[in-house]
Amino acid sequence: ASGDALESTVQRSIVQFRPIRPAEIAAYVATGEPFDKAGSYGIQGGAARFVESLHGSYTGIMGLPLCQTEQLLRRFGCVPDDFAL
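Criteria and thresholds
- Residues numbered from 1 in each chain as written.
- Predicted model: local features only at pLDDT ≥ 70, side-chain atom pairs only at ≥ 80, totals over all residues.
- Heavy atoms only, no water.
- Core = buried A, V, L, I, M, F, W, Y, C linked by side-chain atoms within 4.5 Å.
- Buried < 20%, exposed > 50% of the residue type's maximum accessible area, 1.4 Å probe, protein only.
- Contact = heavy atoms within 4.5 Å.
- Phe/Tyr/Trp six-rings, centres within 6.5 Å; stacked < 30°, edge-to-face > 60°.
- Helix = DSSP H or I, 4+ residues; strand = E, 2+ residues; numbered from the N terminus.

**Some points on the nonpolar core**
Counting five residues, the largest nonpolar core consists of Tyr28, Tyr41, Ile43, Ala47 and Phe50. What Tyr28 contacts, discounting residues up to four positions off in sequence, is Glu33, Pro34, Ser40, Tyr41, Gly42, Gly46, Ala47, Arg49 and Phe50.

**A short note on the packing of aromatic side chains**
Taken as a whole and assessed by the stated rule, the structure comprises three aromatic pairs. Considering the side-chain rings of Phe17 and Tyr41, the 5.0 Å spacing of their centres and the 80° angle between planes classify their relative orientation as edge-to-face. Of this pair, Phe17 sits in strand E1 (residues 14-17) while Tyr41 is found in the loop between helix H1 (22-30) and strand E2 (51-55), placing the two residues 24 residues apart along the sequence. What makes Tyr41 buried here is its relative accessible area of 19%. Between Tyr28 and Phe50, the ring centres sit 5.8 Å apart and the planes meet at 90°, which makes this aromatic pair edge-to-face.

Structural data, given as C-alpha coordinates:
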(Lines give C-alpha, C1' and ligand atoms only; values in the text may rest on other atoms or scores of the structure.)
Protein backbone atom coordinates (compact mmCIF):
# COMPACT_ATOMS: atom_id res chain seq x y z
CA ALA A 1 0.00 0.00 0.00
CA SER A 2 1.21 3.49 -0.81
CA GLY A 3 2.02 5.81 2.07
CA ASP A 4 0.44 8.64 0.08
CA ALA A 5 -3.03 7.09 -0.21
CA LEU A 6 -5.94 8.44 1.75
CA GLU A 7 -9.45 7.06 1.97
CA SER A 8 -12.36 7.75 4.30
CA THR A 9 -15.87 6.57 4.86
CA VAL A 10 -18.92 7.83 6.70
CA GLN A 11 -21.08 5.61 8.85
CA ARG A 12 -24.35 7.03 10.20
CA SER A 13 -26.04 5.52 13.22
CA ILE A 14 -29.30 6.57 14.84
CA VAL A 15 -30.18 5.73 18.43
CA GLN A 16 -33.70 6.36 19.68
CA PHE A 17 -34.43 6.39 23.38
CA ARG A 18 -37.79 5.49 24.83
CA PRO A 19 -39.49 8.20 26.90
CA ILE A 20 -37.48 8.56 30.11
CA ARG A 21 -39.06 9.74 33.35
CA PRO A 22 -37.30 12.54 35.27
CA ALA A 23 -36.67 10.17 38.20
CA GLU A 24 -34.90 7.74 35.83
CA ILE A 25 -32.72 10.56 34.49
CA ALA A 26 -31.84 11.67 38.01
CA ALA A 27 -30.95 8.10 39.02
CA TYR A 28 -28.80 7.66 35.92
CA VAL A 29 -26.99 10.98 36.49
CA ALA A 30 -26.42 10.01 40.13
CA THR A 31 -24.39 6.99 38.96
CA GLY A 32 -21.80 9.41 37.52
CA GLU A 33 -21.71 7.43 34.26
CA PRO A 34 -22.82 10.27 31.95
CA PHE A 35 -19.99 12.63 32.92
CA ASP A 36 -17.24 10.99 30.89
CA LYS A 37 -19.28 10.12 27.81
CA ALA A 38 -19.80 11.89 24.50
CA GLY A 39 -23.52 12.57 24.41
CA SER A 40 -23.69 11.80 28.16
CA TYR A 41 -24.46 8.12 27.70
CA GLY A 42 -22.72 4.87 26.93
CA ILE A 43 -24.83 2.44 24.95
CA GLN A 44 -22.85 -0.39 26.50
CA GLY A 45 -23.56 0.86 30.03
CA GLY A 46 -26.52 1.77 32.18
CA ALA A 47 -28.18 3.86 29.47
CA ALA A 48 -28.74 0.70 27.40
CA ARG A 49 -32.05 0.27 29.21
CA PHE A 50 -33.29 3.50 27.60
CA VAL A 51 -32.49 2.45 24.01
CA GLU A 52 -35.66 1.69 22.10
CA SER A 53 -34.02 1.22 18.70
CA LEU A 54 -30.68 1.44 16.95
CA HIS A 55 -30.17 1.77 13.21
CA GLY A 56 -26.56 1.58 12.07
CA SER A 57 -23.41 0.47 13.77
CA TYR A 58 -23.42 -0.52 17.44
CA THR A 59 -19.62 -0.29 17.56
CA GLY A 60 -19.82 3.10 15.84
CA ILE A 61 -22.02 4.34 18.68
CA MET A 62 -19.38 3.07 21.11
CA GLY A 63 -16.69 5.02 19.27
CA LEU A 64 -15.24 3.08 16.31
CA PRO A 65 -17.32 1.41 13.57
CA LEU A 66 -15.36 -1.83 13.38
CA CYS A 67 -16.95 -3.22 10.22
CA GLN A 68 -16.18 -0.10 8.19
CA THR A 69 -12.70 0.21 9.73
CA GLU A 70 -11.86 -3.37 8.80
CA GLN A 71 -13.11 -2.79 5.24
CA LEU A 72 -10.82 0.24 4.87
CA LEU A 73 -7.86 -1.67 6.30
CA ARG A 74 -8.49 -4.56 3.89
CA ARG A 75 -8.52 -2.19 0.91
CA PHE A 76 -5.04 -1.04 1.92
CA GLY A 77 -3.80 -4.59 2.45
CA CYS A 78 -3.48 -4.20 6.22
CA VAL A 79 -5.79 -7.13 7.00
CA PRO A 80 -5.38 -10.48 5.22
CA ASP A 81 -8.45 -11.85 3.41
CA ASP A 82 -8.46 -14.95 5.64
CA PHE A 83 -8.34 -12.92 8.88
CA ALA A 84 -10.92 -14.05 11.43
CA LEU A 85 -11.36 -13.38 15.12
